[in-house]
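# Descriptive structure summary
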Amino acid sequence: MLSFQHLPLPHGKETYLIILTSSNQLYSGTGTALFEWIRHAKHVFDFAICIDNLVARNYMIARDFCRAEGLRFLPCGPARRLGAPDPGVADAQRHAASGKWAVIEIVSWANAATNFDVVEACAPESMLVFTPHTQPAWTVPGIEENALLEPVFNRALTRADVVFCVSPLEVDVVKNRVPGAFALYAPNGIDVETFCLSSHPRKRQILMVADFAEPRKRVDLGLAAMTRFIGLNSDWGVVIGGRGSDAVAIPESLKGCITRAGFVSRDELVALYQQSAMFVLLSDYEAFCIPLAESLACGTPIVTNATQELLSLYSGQRGCYLARNDDQAAVDAAMAAAARDDAHLEISQAAQAKFASNVVYQIKLDCILGMLERNRGRKIA
């Protein structure tokens, strides 16, 4: 039975602590989703972020975000556990056990060391929220060395008061793992004031944005598909952006028509979405893939892998063309169809209606506030 006896701060906001590890890629999807959630809910919650300092890039992104948004920042060192892929968070147990937080959120199914400490120490008066962004175990390098990954994931699902899932299929995955888990579909949100349609003309170009160092992104398949397309459409170009895009090997036949954008800023990314006629990403696996939703919000058709997860999110969505990434004929047909799709306004409107931050994160906010209110027996502002 949940108690949640913690009292709000004098200014009326509930305390909300997010504990995550610096191995989380805060410059990409995980960070985007986390920061958009905080921006949406900070009028209700007094947020703080606790993170270790092992991976400097992600640590500094979290630090700078807290400074910019006026949030409490709780840094510490790592605390590794044998059998876990993440570096851990040294102060996780102390904060989780303190009873000072109305809500504690853990992020990512792969944070085995961090989540173990939080789950085992979490005070009964704190509500535990889990946003796992579930992925198959094979997506973690060296899975044979990470024996804690699966049992800690199951333990976190069991202990969490609510599990927020970013796709309809993830809800089923969670409930199949732990039948008693309370899992709710709340997709990642997009800042639709930024990622929106532009009046600038489109270029006949294909865009691919990804972390090119991740094998599951299948950059090889994307480049091969674009090579085949350009062979039939010589007036088109290709732009690749993201970490490692400035160093990846390019097929000879693409070298005269490809632009390497490297790691791009948020403004540069928006401009690329708005200028391109098609976005292609043929990853072996994506739990959600924020670039797909961002591209659609800018009115740009997408071509992506027809996995069960992405089908549950994007099948039937305007401007979405899904094909098995190992089926060249199907991928080529999808790209040809996307190239003919110029209904940019309709694509943008449909995506913004489905993925706007103020819509999807309100689902999460209403759920958490409703649970706190029911278990405290009082109204929360």
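Only a predicted model underlies this, so the values are computations on that prediction, with no experimental measurement involved. (Residues numbered from 1 in each chain as written. Predicted model: local features only at pLDDT ≥ 70, side-chain atom pairs only at ≥ 80, totals over all residues. Heavy atoms only, no water.)

### Re the sheet that holds strand β11 (residues 278–281)
Here six strands make up an open sheet; going across it, the order is β10-β9-β8-β11-β12-β13 and the pairing parallel. At either margin of the open sheet sits one strand with a lone partner, and together these are β10 (258–262) and β13 (320–323). Each strand of the sheet is rotated relative to its neighbour by a mean of 20°, with strand direction disregarded. Note: strand β8 (residues 205–209) against β11, two bridges, orientation parallel. From the neighbouring strand, L207 faces β11, where its bridge partner is F279. Sitting on the sheet, helix α7 (residues 219–232) is in contact with β8, β9 (237–241), β10 and β11, with an inclination near 180° to β8. (Pairing = 2+ DSSP bridges. Helix = DSSP H or I, 4+ residues; strand = E, 2+ residues; numbered from the N terminus. Axes fitted to C-alpha atoms, helices over the stretch in contact; angles between N-to-C directions. Contact = heavy atoms within 4.5 Å.)

### Things to note about the packing of aromatic side chains
Tallied over the full model, the rule gives 18 aromatic pairs. One aromatic cluster is present, built from ring pairs that chain together Y16, W37, F45, F47 and Y361. Sitting over the face of the ring of Y27, R57 holds its NZ or CZ atom 4.1 Å from the ring centroid. (Phe/Tyr/Trp six-rings, centres within 6.5 Å; stacked < 30°, edge-to-face > 60°. Lys NZ or Arg CZ within 6 Å of the ring centre and 35° of its normal.)

### Digging into the pairing of strand β3 (residues 72–76)
Two faces make up the sheet, and in a regular strand the side chains alternate between them. Sheet topology places strand β2 (residues 45–52) next to β3; five bridges connect them, and they run parallel. Residue pairing for β3: I51 is matched across the bridge by P75. The parallel pair β2 and β3 is bridged by helix α2 (residues 56–69), and the resulting crossover is right-handed. (Right-handed = clockwise from strand over helix to strand, strands pointing away.)

### Here's the deal with the nonpolar core
In terms of nonpolar packing, the biggest core is built from 95 residues, with W37, F45, I49, I240, Y314, M335 and I368 touching the most fellow members. The dominant element in this core, judged by the number of residues it contributes, is helix α13 (residues 357–376), at eight residues. Beyond its immediate chain neighbours, meaning those up to four positions away, Y314 contacts F288, C289, L292, A293, L296, C320, L322 and F355. Ranked by size, the runner-up nonpolar core spans 37 residues in total, among them A92, V119, A156 and V171. (Core = buried A, V, L, I, M, F, W, Y, C linked by side-chain atoms within 4.5 Å. Buried < 20%, exposed > 50% of the residue type's maximum accessible area, 1.4 Å probe, protein only.)

### Points about the environment of R159
Within the fold, R159 resides in helix α5 (residues 149–159). Relative accessible area serves as the criterion here: at 19%, R159 is assigned to the buried category. For the pair R159 and W138, spaced 21 residues apart in sequence, the C-alpha separation works out to 24 Å. Those residues within four positions of R159 in sequence are excluded, and the remaining contacts are V119, C122, A123, S126 and L128.

### A few points about helix α11 (residues 328–340)
Compared with the 18 Å implied by 1.5 Å per residue over 13 residues, the 19 Å span of α11 between its first and last C-alpha is a close match. The elements touched by buried residues of α11 are β8, α7, β11, β12 (302–305) and β13. (Expected span 1.5 Å × (residues − 1).)

### A look at the pattern of salt bridges
Within this structure, the stated rule accounts for 23 salt bridges. One salt bridge in this structure joins D332 and R228, with 2.9 Å as the shortest N-O distance. Of this pair, D332 sits in helix α11 while R228 sits in helix α7; the two residues are 104 residues apart in sequence, bridging distant segments of the chain. On the basis of relative accessible area, D332 is assigned to the partly exposed category, the value being 29%. In this structure, a network of salt bridges that share partners links the residues E36, R39, K42 and E69. (Salt bridge = Lys/Arg side-chain N within 4 Å of Asp/Glu carboxyl O.)

### Some thoughts on the sheet that holds strand β5 (residues 127–131)
Neighbouring strands of a sheet are bound in pairs by backbone hydrogen bonds; such pairs are parallel or else antiparallel. Across the sheet, seven strands lie side by side as β3-β2-β1-β4-β5-β6-β7; this open sheet has parallel pairing. Looking along the sheet, the strands with just one partner apiece sit at the ends: β3 and β7 (183–185). Strand-to-strand twist of the sheet, defined as the mean angle between neighbouring strand axes without regard to direction, takes the value 20°. Judged from the three bridges that link them, strand β6 (residues 162–165) and β7 form a sheet pairing that is parallel. Along β7, the bridge assignment pairs C165 with Y185. Each of β1 (14–20), β4 (103–107) and β5 touches helix α4 (residues 112–121); the most contacted strand, β4, lies at about 155° to it. Helix-sheet contacts for helix α6 (residues 168–177) involve β6 and β7, and the interaxial angle to β7 is about 175°.

### Here's the deal with the confidence of the model for the protein chain
Averaged over every residue, the pLDDT of the protein chain is 93; residues scoring 70 or more account for 96%. Here residues 1–10 scores under 50 on pLDDT; set against residues more than four positions off or in separate chains, the count is 30 contacts. (pLDDT = per-residue confidence, 0-100.)

### So, the pairing of β6
Residues V162 and F164 of β6 are buried on one face, and the alternating residues V163 and C165, pointing to the opposite face, are buried as well. Across two bridges, the pairing between β5 and β6 is parallel. Following the sheet pairing, F130 is matched in β6 by V163. Running through α5, the crossover from β5 to the neighbouring parallel element β6 is right-handed. Taken together, β6, α6 and β7 form a β-α-β motif whose crossover is right-handed.

### Considerations on the environment of A48
Relative to the helices and strands, A48 resides in strand β2. Residues A48 and P87, 39 residues apart in the sequence, show an inter-C-alpha distance of 20 Å. Aside from chain neighbours lying at most four places away, what touches A48 is Y16, L17, I18, R72, L74 and W101.

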